[in-house]
Amino acid sequence: MNDSRESMAALRQACRHARHAPCRLCLLHVIEPKETGDLLGVATGASSYSMDKEDFFRAEARLEAWWKRVEDPGAPTDMVIRCGRVAEVIAEEAYRLHATVIIMGAGKSVLDMVGRHPGTMCEKVKKLTGCGLVAVDEERTYPLR
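What counts and how
Residues numbered from 1 in each chain as written. Predicted model: local features only at pLDDT ≥ 70, side-chain atom pairs only at ≥ 80, totals over all residues. Heavy atoms only, no water. Helix = DSSP H or I, 4+ residues; strand = E, 2+ residues; numbered from the N terminus. Buried < 20%, exposed > 50% of the residue type's maximum accessible area, 1.4 Å probe, protein only. Polar contact = N/O pair within 3.5 Å; in protein donor to acceptor, adjacent residues only side chain to side chain. Contact = heavy atoms within 4.5 Å.

Asks: Give me the lowdown on the environment of A75, citing residues and values where you can.
Replies: Tracing the backbone shows A75 in the loop between α3 (53-68) and β4 (77-83). On the accessibility criterion, A75 (15% relative accessible area) is buried. As a C-alpha pair, A75 and H20 span 55 residues in sequence and 9.8 Å in three-dimensional space.

Given below as structure tokens:
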């Protein structure tokens with residue numbers, strides 16, 4: 001989750017969904033990686049990306065702050081913090097959790113002024129997953145098929 005109003009709207013939408021359909025919620029925050037520049041490590045199987053403790057603690061505090069703004073989640077909830085490329089990590093977590101739907105903030109580039117046109121992050125996530133995806137802006141939800 002990022003700090004956008006769309007992300008908070010998506011969280012609220014997920015909680016409404018959970019109240020009407022038995023499920024488990026997963027609040028996922030993906031920390032965009034920093035290149036380590038460790039070519040020798042990469043050659044021996046290490047990740048080329050890093051996440052320091054400060055990044056993790058900031059992400060954890062952010063998720064907890066968002067969660068406190070939700071009155072009744074309506075379902076058991078997990079908070080997950082991962083480092084990596086955002087769309088790929090969302091897809092990996094969806095697969096790992098056997099998710100049937102992903103509800104995410106639409107972001108600034110998702111919808112144009114004319115109609116429903118998924119933006120880059122939603123498009124990437126939809127292409128990488130086999131489950132439903134709902135993009136949420138501050139006012140409306142957009143199921144992407």
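Asks: If you had to explain the environment of G84 to someone new, which residues and values would you point to?
Replies: Inspection of the secondary structure puts G84 in the loop between β4 and α4 (86-96). Put simply, G84 and V30 are 54 residues apart on the chain and 6.6 Å apart in space, counted from C-alpha to C-alpha.

Asks: For the side chain of E93, give the residues involved together with the corresponding values.
Replies: Within the fold, E93 resides in helix α4. On the basis of relative accessibility, which here comes to 5%, the residue E93 falls in the buried class. Engagement of the side chain of E93 in a polar contact is seen with the side chain of R96, the distance being 2.6 Å. Every residue in contact with E93, bar those within four places of it in the chain, is listed here: L28, V80 and R82.

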